[in-house]
Amino acid sequence: MTWLTTKATRAPWVLPVGALIAVFLVYSLPPYLTFDPALSRVPAGFWLHYPTLLLHITFGSVAMVGGFLQVWPWFRSAHPRLHAKVGRIYVFGGVLPAATMAFILGFTSPFGPITRASDMLGAVLWFTATLIGYRKARAKDFRAHRTWMVRSYVLTLSTITNRLWGPIVALVLAPGLDTTFGGSELAMGQAIAGITAWLGWTVPLVLLEWFGTRRRQVAR
């Protein structure tokens, strides 16, 4: 417990973020381990939707766990060689294939055009930030590498933050079912999905850039 407390003090986000990831995976993965499309929580958007979704979930889970190790300061400093190996797994066995599947799923999303636009743009940014971060490491520009990989991991975790926004947006929009949405639950559902999709990755990225800017100003 002393060891955990020490590490949490140096990086106070480690324990809560690790716990959040564990809870999310324990809740989200079981229905897909049966390989039964009927248990999918995401409606099919096209005929290859389910296998594409399974690939996205598999690679995304690798990215989520591998990325956590990558941004954990203690792991990075205590195990530099393992950090490099896990980093390659994060990039090539996690984010790049997961983002590719995410783009396909976003393009065919049944949740409406607003969600599709968010999912596709988010997938492109996720892929791009990760690739830039990898190339910066190859170029030995480790400061830029860390910056881009943190951006990449924030986008990796957007699948969690997306779900945190869902109930809040639903509570805000629900009173307008009969007025704003003309009684259409489908219209309201697509609005909730669209707003949630955008908030899931834009808010964390904005907060990350704001926090980074403040840190640089303080450092001066």
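To keep things clear, this report deals only with the structure shown in the data block. (Residues numbered from 1 in each chain as written. Predicted model: local features only at pLDDT ≥ 70, side-chain atom pairs only at ≥ 80, totals over all residues. Heavy atoms only, no water.)

## Some points on the packing of helix α2 (residues 14–28) against helix α4 (residues 49–71)
So, step 1. Relative to each other, α2 and α4 sit at 165°, their axes nearing to 11 Å. It follows that α2 is roughly antiparallel to α4 by the angle criterion. The hand of the α2/α4 crossing is left-handed. Of the residues in α4, those touching α2 at Val14, Val17, Gly18, Ile21, Phe24 and Leu25 are Ser61, Met64, Val65 and Phe68.
So, step 2. Partitioning the contact of α2 with α4 into residue classes produces eight nonpolar, two polar and no charged. (Axes fitted to C-alpha atoms, helices over the stretch in contact; angles between N-to-C directions. Helix = DSSP H or I, 4+ residues; strand = E, 2+ residues; numbered from the N terminus. Parallel < 35°, antiparallel > 145°, perpendicular 65-115°, else oblique. Left-handed = near helix turned anticlockwise from the far one by under 90°. Contact = heavy atoms within 4.5 Å. Nonpolar A, V, L, I, M, F, W, Y, C, P; charged D, E, K, R; others polar.)

## Description of a nonpolar patch on the surface
So, step 1. A surface patch of nonpolar side chains, amounting to about 340 Å² of accessible area, comprises Phe103, Ile104, Phe107 and Val124.
So, step 2. It is helix α6 (residues 80–107) that provides the largest number of residues to the nonpolar patch, a total of three residues.
So, step 3. With respect to the secondary-structure elements, Phe103 resides in helix α6. (Patch = residues over 30% accessible without salt bridge, like charges linked within 9 Å, V, L, I, M, F, W, Y side chains within 5 Å. Areas by Shrake-Rupley, 256 points an atom, 1.4 Å probe, with all protein chains shown as cover. Salt bridge = Lys/Arg side-chain N within 4 Å of Asp/Glu carboxyl O.)

## Re the pattern of salt bridges
So, step 1. Using the criterion set out here, one finds one salt bridge in the structure.
So, step 2. In this structure, the salt-bridge partner of Glu209 is Arg151, at a minimum N-O distance of 2.8 Å. With a gap of 58 residues between them, Glu209 in helix α10 (residues 185–219) and Arg151 in helix α8 (residues 142–156) connect regions that are remote in the sequence.

## Quick notes on the packing of aromatic side chains
So, step 1. Scanning the model with the defined rule gives six aromatic pairs in all.
So, step 2. Ring centres 5.1 Å apart and planes at 45° place the aromatic pair Trp72 and Trp74 in the tilted group.
So, step 3. Members of the aromatic cluster, each reached through a chain of ring pairs, are Trp13, Phe68, Trp72 and Trp74.
So, step 4. Between Arg151 and the ring centre of Trp148, over which it is positioned, the NZ or CZ distance is 4.4 Å. (Phe/Tyr/Trp six-rings, centres within 6.5 Å; stacked < 30°, edge-to-face > 60°. Lys NZ or Arg CZ within 6 Å of the ring centre and 35° of its normal.)

## Description of helix α9 (residues 158–173)
So, step 1. The terminal C-alpha atoms of α9 lie 22 Å apart, and with 16 residues this matches the ideal 22 Å at 1.5 Å per residue to within 8%.
So, step 2. Where α9 bends most, the angle comes to about 25°, and this point is Gly166, followed within four residues by the proline Pro167.
So, step 3. Taken together, the buried positions of α9 are Ser158, Ile160, Thr161, Gly166, Val169 and Leu173. (Expected span 1.5 Å × (residues − 1). Bend = angle between axes of the 7 residues up to and from the residue. Buried < 20%, exposed > 50% of the residue type's maximum accessible area, 1.4 Å probe, protein only.)

## Things to note about the environment of Gly183
So, step 1. Structurally, Gly183 can be placed in the loop between α9 and α10.
So, step 2. Residue classification places Gly183 among the partly exposed residues on the basis of a relative accessible area of 37%.
So, step 3. In contact with Gly183, other than residues within four places in its own chain, are Leu177 and Asp178.

## Overview of the packing of helix α7 (residues 113–138) against α8
So, step 1. One way to put it is that α7 packs onto α8 with a least axis distance of 8 Å and a crossing angle of 155°. When the interaxial angle is binned, α7 and α8 end up roughly antiparallel. In the crossing of α7 with α8, the sense of the turn from one axis to the other is left-handed. Touching Leu125, Trp126, Ala129, Thr130, Ile132, Gly133, Tyr134, Lys136 and Ala137 of α7 are Phe142, Ala144, His145, Trp148, Met149, Ser152, Leu155 and Thr156, all from α8.

## Examining α6
So, step 1. Over its 28 residues, α6 runs 38 Å from end to end, which matches the ideal 40 Å to within 8%, given 1.5 Å per residue.
So, step 2. The largest bend in α6 amounts to roughly 30° and is located at Tyr90.

## Some thoughts on the nonpolar core
So, step 1. In this structure, Ile21, Met64, Tyr90, Trp126 and Tyr153 are the most contacted members of the largest nonpolar core, which totals 28 residues.
So, step 2. If you list the elements that add at least two residues to this core, you get α2, α4, α6, α7, α8 and α10.
So, step 3. It is α6 that contributes the most residues to this core, seven residues altogether.
So, step 4. Not counting the four nearest positions on each side in its chain, Tyr153 is found in contact with Ile21, Ala63, Met64, Gly67, Phe68, Val71 and Tyr90. (Core = buried A, V, L, I, M, F, W, Y, C linked by side-chain atoms within 4.5 Å.)

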